[in-house]
Amino acid sequence: MSDLTADAVATEHPGAGNPAAPGGGRTVAAAVPPALVTRLAAGVTATGEPDLVETVAPLTGERLASLPRSTPADVEVAFQLARRAQAAWAALPVRRRAAVLLRFHDLLLKRQDEVLDLIQAETGKARLHAFEEVLAVAMAARHYGRAAHGYLRDKRRGGALPVLTHAVEARRPKGVIGHISPWNYPLELSVGDALPAFVAGNAVVNKPDTQTALTALWARGLLVEAGLPADLWQIVIGDGPVIGPAVVEQADYVSFTGSTRTGRDVAQRAAARLVGASLELGGKNAMLVLADADLDAAAAGAVRACFSSAGQLCISIERLLVHRSVADEFLERFAARTRALRLGGGLAYGADMGSLVSVRQLETTTRHVEEAVKAGATVVAGGRARPDLGPFFFEPTILDGVTPDMAVCAEETFGPVVSLYRFDTEDEAVAAANSTPYGLNSSVWTRDPRRGRTVAARLRTGTVNVNEAYAAAYGSVGSPMGGMGDSGLGRRHGAEGILRFTEAQTIATQRLLPIAPSFGLDDKQFAAVMTGGLRALKALRFK
Ligand code: NAD
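Only a predicted model underlies this, so the values are computations on that prediction, with no experimental measurement involved.

Description of the packing of helix 3 (residues 72-91) against helix 9 (residues 240-250)
Running from amino to carboxyl end, helix 3 crosses helix 9 at an angle of 35°, the nearest separation of the two axes being 9 Å. Every pair of crossing elements has a handedness; the one defined by helix 3 and helix 9 is right-handed. Judged by residue contacts, P72, V75, E76, F79 and R83 of helix 3 engage V242, I243, A246, V247 and Q250 from helix 9. Across the contact of helix 3 with helix 9, the residue classes tally to seven nonpolar, one polar and two charged.

Quick notes on the packing of aromatic side chains
This model, assessed by the stated rule, comprises six aromatic pairs. Pairing Y144 with Y151 gives two aromatic rings, centres 6.1 Å apart and planes at 50°, and the pair type is tilted. Ring geometry for F307 against F334: centres 6.1 Å apart, planes inclined by 10°, an arrangement best described as stacked. Linking F307 in helix 11 (residues 295-307) with F334 in helix 12 (residues 324-339), this pair joins segments that are 27 residues apart in sequence. Per residue, the accessibility class of F307 equals that of F334, and both read buried.

Focus: the nonpolar core
Counting residues in hydrophobic clusters, the biggest one holds 153 residues, and the most contacted among them are F104, L108, L320, F330 and F334. Looking at this core element by element, the count peaks at 10 residues for helix 6 (residues 127-152). Composition of this core by domain shows at least three residues from each of domain 1 (32-179 + 186-254) and domain 2 (285-477). In this structure L108 touches V115, V134, V137, A138, L187, W218 and L222, once residues within four positions along its chain are discounted.

A short note on the domain arrangement of the protein chain
Taken domain by domain, the protein chain holds domain 1 (32-179 + 186-254) and domain 2 (285-477). In this structure, domain 1 and domain 2 have C-alpha centres spaced 31 Å apart. Residue-level contacts link 26 residues of domain 1 with 24 residues of domain 2. The interface formed by domain 1 and domain 2 includes zero salt bridges. At the boundary of domain 1 and domain 2, one finds six residue pairs in polar contact (both at pLDDT 80 or more).

Rules used in this analysis
- Throughout, residues of each chain are indexed from 1 in the direction in which the sequence is written.
- It should be noted that, the model being predicted, local features are given only for residues of pLDDT at least 70 and side-chain atom pairs only at 80 or more, the latter also being counted only at that level, while totals for whole chains, interfaces and linings use all residues.
- With hydrogens and water set aside, each side-chain value is computed from the structure's full complement of heavy atoms.
- Axis definition: a line fit to C-alpha positions, over the contact stretch in the case of helices; interaxial angles, taken between N-to-C directions, run 0 to 180 degrees.
- The helix and strand labels rest on DSSP assignments: H or I over at least four residues marks a helix, E over at least two residues marks a strand, and numbering proceeds from the N terminus.
- Each crossing is labelled by how the near helix is turned from the far one, with a counterclockwise turn of less than a right angle marking it left-handed and a clockwise turn marking it right-handed.
- Should any heavy atoms of two residues lie within 4.5 Å, those residues are counted as being in contact.
- The nonpolar class holds Ala, Val, Leu, Ile, Met, Phe, Trp, Tyr, Cys and Pro. Asp, Glu, Lys and Arg form the charged class, and all remaining residues, Gly among them, are polar.
- Only rings of Phe, Tyr and Trp enter the pairing, Trp through its six-membered ring, and a pair is recorded when the two centres are within 6.5 Å. The plane angle decides the type: under 30 degrees is stacked, over 60 is edge-to-face, the rest tilted.
- Buried, partly exposed and exposed residues are distinguished by accessible area as a fraction of the type maximum, computed with a 1.4 Å probe on protein chains only: under 20%, between the cut-offs, and over 50%, respectively.
- Only buried residues count toward a nonpolar core. Its members are Ala, Val, Leu, Ile, Met, Phe, Trp, Tyr and Cys residues joined through side-chain atoms within 4.5 Å.
- Annotation comment: domain bounds sourced from an automatic or database domain assignment.
- Between Lys or Arg on one side and Asp or Glu on the other, a salt bridge is scored when a side-chain nitrogen of the former is within 4 Å of a carboxyl oxygen of the latter.
- Counting of polar contacts relies on pairs of N or O atoms within 3.5 Å, with two restrictions inside protein: one atom must be capable of donating a hydrogen and the other of accepting it, and residues adjacent in sequence are counted only when both atoms are side-chain atoms.

So this is what it looks like as structure tokens:
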């Protein structure tokens, strides 16, 4: 690997008044030495003499790691090991399991620089965007570390007959969770989503994307250091269409994050086995700027909304809907901020945006922009790849004049590209926001928060942020996060985010009298007594 690092440059004015390269020359090779790769690779469940699979550092295009490739037989081994470990883990009190999450929280904050390096090396994103993952995982660890006991404890419920029936709702772990995760948020979407599964008493067989497996392996090591039994979290690596189905075939429940296309396949396989699945899928998210919005705040928010992790964020904004009366002014402010963004690839804070992850992402981004421009759209800012910075860099890009026939209008780009559309009425804005089969995230900007919440209630998305881009809703870890429509099924975070990893079990104990004719009552008399009883229960507002 060479000593290349991409310098931080403003997208339109390289070098003009910009700080020096963030990272001060620290390289990916120095941050991820072969000894570290070898140590992490030992955590992959792969037996015998495995094939090796190579990953590339997106910042420079050079080889990053060589990892063992698991086979479907290895996936079987992983499930066996996980199943064996799960029984003892499930027998521990919830508070003992939760203590592991709380220790992990502290270790993660202390050792964050190690994983920030890995995330940057594997994804090419800016360090600030990598830090968002540390934030999200720490929040989830704290929340489930503190709240799991409340979510999971036995709950007294109203019985069939007051006094005579004692009913309790209990939560049992599902068993072994098949957890399939993508490359774009490799820490959050591997360990962040696994934490509630563990604290609920499950084991996890995780198939991260190969490109970002080092980050997942590092997180596993840290969780084991925090007290997780090592066999409880198995990591298998390999081609999605080969290893993914093998994971789904043996899981007691499937937690999948990725594209809508793959999600449909996973859902069908899980359905055929009658096991549940949560599917966190794609989006084509809209941000609404109402006429009374604070335009500076909205422009700064739009930069975060559209260009975090170079737009490779499921909840990022790809459609800006702006009231016509403020559209030109908003666009001017947003474009000025976008043009001033510093692209960079150093392994340190300082750059505003990093690289795309792969040639595939670069090709989709380039195609969406080029096709739109050919069909009449205007580039307001950005618009080109930046091979001078690294093989997959693309400028943060704003398009105007986009029409429904253009791919960039309706398809998820998953790159740093946003299109601006104007509206005249709130109804029109709501209809436009809801006009996609997706329903993941949205954002509303207004000086009147109550009005913002009223508009939010009309949007068909699983999360809505008022006067923020995505972090307010995503970071509210006590509330569910997920998609409507083609954006998925089920939710992470909050009660739903942990209870999905449990089976509900009702234990009802009957005493004194059976729920059947007795004490000499014949069937007709029993029916009459029960009918009177039901009327009385309703009158007494019994639930
Ligand atoms: P992808 O569907 O190609 O891959 C996701 C994971 O599934 C990878 O680990 C992959 O190897 C695996 N996989 C591939 N084929 C499989 C199969 N047939 N069976 C089982 N597993 C298989 O998605 P991607 O391109 O890696 O990720 C980007 C997508 O993920 C975007 O659409 C993005 O919006 C979405 N995403 C959604 C969320 C969310 O929370 N809703 C979060 C992050 C990303």
